[in-house]
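# Chain and residue survey
Below are the chains, spelled out letter by letter.
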Amino acid sequence: MAKRVLTTESGAPVADNQNSATAGVGGPILLQDQHLLEKLARFNRERIPERVVHARGSGAYGYFEVTDDVTGFTRADFLSEVGKRTETFIRFSTVADSLGGADAVRDPRGFALKFYTDEGNYDLVGNNTPVFFIKDPIKFPDFIHSQKRDPFTGKQEPDNVWDFWAHAPEATHQITWLMGDRGIPASYRHMNGYGSHTYQWTNAAGEAFFVKYHFKTNQGVRALSAEQASELVGKDANSHQTDLLQAIERGVNPSWTLHVQVMPAADAADYRFNPFDLTKVWPHSDYPLQRVGRLVLDRNPDNVFAEVEQAAFSPNNFVPGIGPSPDKMLQGRLFAYADAHRYRLGVNHTHLPVNAPRTAVVDNYGRDGVHATRNGSRHDKNYEPNSYAGPAQTDAALAAPLAIHGWTGTHEAPAHSKDDDFFQAGELFRLMSEDEKGRLVANIAGGLSQVTRDDVIEKNLAHFHAADADYGKRVEEAVRALRED
């Protein structure tokens, strides 16, 4: 077998990869050593900017298989018949910490899924919780800044974390999730995934429905206590990555069953709370889960950088039959996610193999830019309309139009009969067993008791009291006990 030849970036053979060119034996290095300069310059540029959020992640390939007929709700082709399979790529992640952070920490988990459909890529960007801390995207940068490392101390500060939450009463529901028993998943395989946002489905007749996605793990939900997580981080900071990689390599392919909640579009206006509020769930008694299919992960990436770090998910990547809702957080993310990728990876990040469609043909007038691979030829025009048989619009909307009315301006969300920031947090607390309540209270008090300002503590305690009297009383007593020690 012929020996492979090491070359420079331009394809020239490398004569010596062990010694730099110098001016005589022991002399200074020569600027003309093109191989050395190229090698060092490439090394300096091996890293791209990490994600501001969801920096720490793991990924895998798999497929989605339809198991139930949902054509009455959507005309999306990849959901059009029972038994149809679509290739997928998923990226799991933590939210707040940097790329070098540990896996087994108390933090929401990203659950970003790319479907390589015949009609183009469909990206579903969610979390392992059905709700979030805020409901308006204008607060998102401030929220993330409060959870990130402090500019002075260089570490996450309870003062910052809880001060923001003190001014965001709508976060009480998600705090109750995060500080509860499911706040630290045992692995990515042992947690549910949620679309979290409300989306729109449109069927072939043009009827519109609002939907929420629920991916239920078939491995069973398992989580870690704070003590177990601390021990695991000390043993293997990459515990979730290790678990996912090794499970798939062994052929133990993790899977999830997808269910959706379906709300006829006409129900939204008179529902008892705003159905597009990301801080709230739809009770299953109102809109039961309906099974759609199953997600199976069966192949690990060959290169983490190329396929996990460079994976780009954008919730504005819809396919016919699926579209957005008036969910304000979703509306903000329709811009923010794609823009983050344009910054990190360049305007042509969709050309990268992990992001490129598998079967759908990409045919548009996008040209040039850094790393462009589709520039056209002398026969291709870069404007539209044209007289040269270039691609043209279909005149078929992907989803149904949303009715709007009123005046432009900065408005609070429309009030519904049961719109408040606390009742669902209280309902969640009352669903817990006594042991679960005890651990929840201990987790909250552990952080809140470290806050240095009494007024910030009092504001947060008021939120827990508003959610449930017993909830507030327990947290208040636990905080007081810790601060008196």
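Everything numeric in this text was worked out from a predicted model, so none of it was measured.

## What about the nonpolar core?
Within the largest apolar cluster, 39 residues are counted, with the highest numbers of intra-cluster contacts made by Phe133, Trp162, Trp165, Leu448 and Val475. Sorting the residues of this core by element identifies α2 (140–147), α3 (158–166), α4 (172–178), α9 (423–431), α10 (434–448), α11 (454–467) and α12 (469–484) as the ones contributing at least two each. Apart from residues lying up to four places away in sequence, Trp165 is in contact with Phe133, Phe143, Gln147, Ala171, Ile175, Leu178, Met179, Asn460 and His463. Core analysis: the second largest hydrophobic core is formed by 36 residues, Phe78, Tyr213, Val292 and Leu295 among them.

## Some points on the pairing of strand β7 (residues 208–217)
Among the ten residues of β7, eight are classified as buried, and the element is accordingly described as predominantly covered. Sheet topology places strand β5 (residues 193–194) next to β7; two bridges connect them, and they run antiparallel. Residue pairing across strands places Gly193 opposite Phe215, the latter belonging to β7. With four bridges joining them, strand β6 (residues 199–202) and β7 adopt antiparallel strand pairing. Bridging across to β7, Thr202 finds its partner in Ala208. Between β6 and β7, which follow one another and run antiparallel, lie five residues, and Gly206 among them has a positive phi close to 85 degrees. Pairing analysis gives nine bridges linking β7 to strand β8 (residues 255–264), with the strands arranged antiparallel.

## Some words on the environment of Phe210
Note that Phe210 resides in strand β7. Accessibility expressed as a relative area gives 5% for Phe210, which makes it buried. As for Phe210 and Val370, which are separated by 160 residues in sequence, their C-alpha atoms are 38 Å apart.

## Digging into helix α6 (residues 239–249)
Residues of α6 that are buried include every one of Ser239, His240, Leu244, Ala247 and Ile248, and no others. Projected onto a plane normal to the axis of α6, the buried residues spread over an arc of 150 degrees and lie on a single side. Buried positions along α6 lie against β1 (57–66), β2 (85–94), β3 (109–117), α5 (226–235) and β9 (290–299). With its phi angle positive at about 85 degrees, Gly251 sits one or two positions after the end of α6.

Each value, and the rule that gives it
Residues numbered from 1 in each chain as written. Predicted model: local features only at pLDDT ≥ 70, side-chain atom pairs only at ≥ 80, totals over all residues. Heavy atoms only, no water. Core = buried A, V, L, I, M, F, W, Y, C linked by side-chain atoms within 4.5 Å. Buried < 20%, exposed > 50% of the residue type's maximum accessible area, 1.4 Å probe, protein only. Helix = DSSP H or I, 4+ residues; strand = E, 2+ residues; numbered from the N terminus. Contact = heavy atoms within 4.5 Å. Pairing = 2+ DSSP bridges. Arc of directions from axis to C-beta.

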